[in-house]
Amino acid sequence: MTSEETMKERIIELELRFMQQEHTIQELNDTVCRQELTIERLVREQSLIREQLRLLAPSINRSDEEEEPPPHY
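All of the points below concern the structure found in this document. (Residues numbered from 1 in each chain as written. Predicted model: local features only at pLDDT ≥ 70, side-chain atom pairs only at ≥ 80, totals over all residues. Heavy atoms only, no water.)

Broken down by element type, the chain carries one helix and zero strands. Taking all 73 residues of the chain together, 1% fall into the buried category. (Helix = DSSP H or I, 4+ residues; strand = E, 2+ residues; numbered from the N terminus. Buried < 20%, exposed > 50% of the residue type's maximum accessible area, 1.4 Å probe, protein only.)

Put into structure tokens, the structure is as follows:
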């Protein structure tokens, strides 16, 4: 095998590795993008749940001084 053939084989091997790495990087990027969308959705849902809970049980967030007496007083 000549030096030129060896060099060509090494270049081909490097190109193949590069292509595999590019593919892996793209897959990782896609995964990160999906995760970011999921995190944003979960944060919005958590915010909505907090607001619903606050509206359903306002006394949980009030101090004793702010609490209104029951209607029978």
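Another aspect to go through is the pattern of salt bridges. Inspection of the entire model under this criterion finds four salt bridges. One salt bridge in this structure joins Glu4 and Lys8, with 3.7 Å as the shortest N-O distance. Here the residue Glu4 and the residue Lys8 both occupy positions in helix α1 (residues 3-56), the gap between them amounting to four residues, near one helical turn. Given a relative accessible area of 56%, Glu4 falls into the exposed group. Between Arg17 and Glu13 there is a salt bridge whose closest N-O contact spans 2.9 Å. With Arg17 and Glu13 both in helix α1 and four residues apart, the pair spans about one turn of that helix. (Salt bridge = Lys/Arg side-chain N within 4 Å of Asp/Glu carboxyl O.)

Together, Ile12, Leu16, Phe18 and Met19 give the surface a local cluster of nonpolar side chains, amounting to about 430 Å² of exposed area. Within the element layout of this structure, Met19 appears in helix α1. (Patch = residues over 30% accessible without salt bridge, like charges linked within 9 Å, V, L, I, M, F, W, Y side chains within 5 Å. Areas by Shrake-Rupley, 256 points an atom, 1.4 Å probe, with all protein chains shown as cover.)

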